[in-house]
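Residues per chain are reported as follows:
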Amino acid sequence: MNKPLKIDFVSDIACPWCAIGLASLDEALRRLGSEVPVELHFQPFELNPNMPPGGQDIGEHLREKYGSTPEQQAGARENIRQRGAALGFEFRKEGRGRVWNTFNAHRLLHWAGLEGPQAQYALKKALLQAYHGEARVMEDLEVLAQAAEAAGLDGARAREILAGEEYADQVRERESYYVDHGIHAVPSVIINDKHLVQGGQPPEAFEQALRQITGS
């Protein structure tokens, strides 16, 4: 197959299942190898666009949003931790701690995408690690800039972007586009603009979908 698959990975770094979904997609692509060339793009989605400065305690947030008890939350957190470990993503055992606004992270990811797909991929991984592996304060602009540097991007340019409003309109446009086209949960993985795989699926689900689409 000569023409690359276009994969749009619609997600939010606040979502632990997005980290699992990406790790699963990575493994599926590794299994397919060079027989399926891919163009991977990360698209923005905010689970909590109205999250105010200071964020919210994760336990309080999950209780208000889903009605879950501390015991249920602990069970879900352990399930996520185990799923991640099986795929090589190490979640912090204690969880995220707080939920933060992620709009600035999406602005950085948009910029990274302009720098190239590998730069955007590296930044996505760095941001997921900072959020879920290290429980960093993800509204802190310096934390975001450090993630950009860890991904090999220009830290000074990242700080310049974060200090202003660059790429805000572009991120909002992309967010609206996907919501308007029926995306209301993440991760949502859209292949060649028409095939949809949703949720933190195992690698086998992504591999099967990709093989069916490509006929490989």
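Shown above is the structure to which this text applies.
Please read these numbers as outputs of a predicted model, since none were measured by experiment.

A. Quick look at the side chain of Arg96. Mapped onto the fold, Arg96 is located in the loop between helix H3 (70-86) and strand E4 (98-99). No salt bridge forms around the buried Arg96; measuring N to O, its nearest opposite-charge neighbour Asp12 is 8.2 Å away. A distance of 2.8 Å separates a polar side-chain atom of Arg96 from the backbone oxygen of Ala14. If we skip the residues at most four places from it in the chain, Arg96 touches Ala14, Pro16, Ile58, Tyr131, His132 and Ala135.

B. Molecular detail of the side chain of Ser11. Mapped onto the elements of the fold, Ser11 is located in strand E1 (residues 5-11). A relative accessible area of 0% means that Ser11 is categorised as buried. Of note is the side chain of Ser11, whose polar atom sits 2.7 Å from the side chain of Lys124.

C. The sheet that holds strand E5 (residues 188-191), seen in detail. The strand order across the open sheet formed by four strands is E2-E1-E5-E6, and the pairing between neighbours is mixed. Looking at strand neighbours, the two that pair on one side only are strand E2 (38-44) and strand E6 (195-198), the edges of this open sheet. Strand-to-strand twist in this sheet, taken as the mean axis angle between neighbours without regard to direction, amounts to 20°. Along the sheet, helix H1 (residues 16-32) contacts E1 and E2; its crossing angle with E1, the most-contacted strand, is approximately 165°.

What counts as what
- Residues numbered from 1 in each chain as written.
- Predicted model: local features only at pLDDT ≥ 70, side-chain atom pairs only at ≥ 80, totals over all residues.
- Heavy atoms only, no water.
- Helix = DSSP H or I, 4+ residues; strand = E, 2+ residues; numbered from the N terminus.
- Buried < 20%, exposed > 50% of the residue type's maximum accessible area, 1.4 Å probe, protein only.
- Lys, Arg positive; Asp, Glu negative; His and termini not counted.
- Salt bridge = Lys/Arg side-chain N within 4 Å of Asp/Glu carboxyl O.
- Polar contact = N/O pair within 3.5 Å; in protein donor to acceptor, adjacent residues only side chain to side chain.
- Contact = heavy atoms within 4.5 Å.
- Pairing = 2+ DSSP bridges.
- Axes fitted to C-alpha atoms, helices over the stretch in contact; angles between N-to-C directions.

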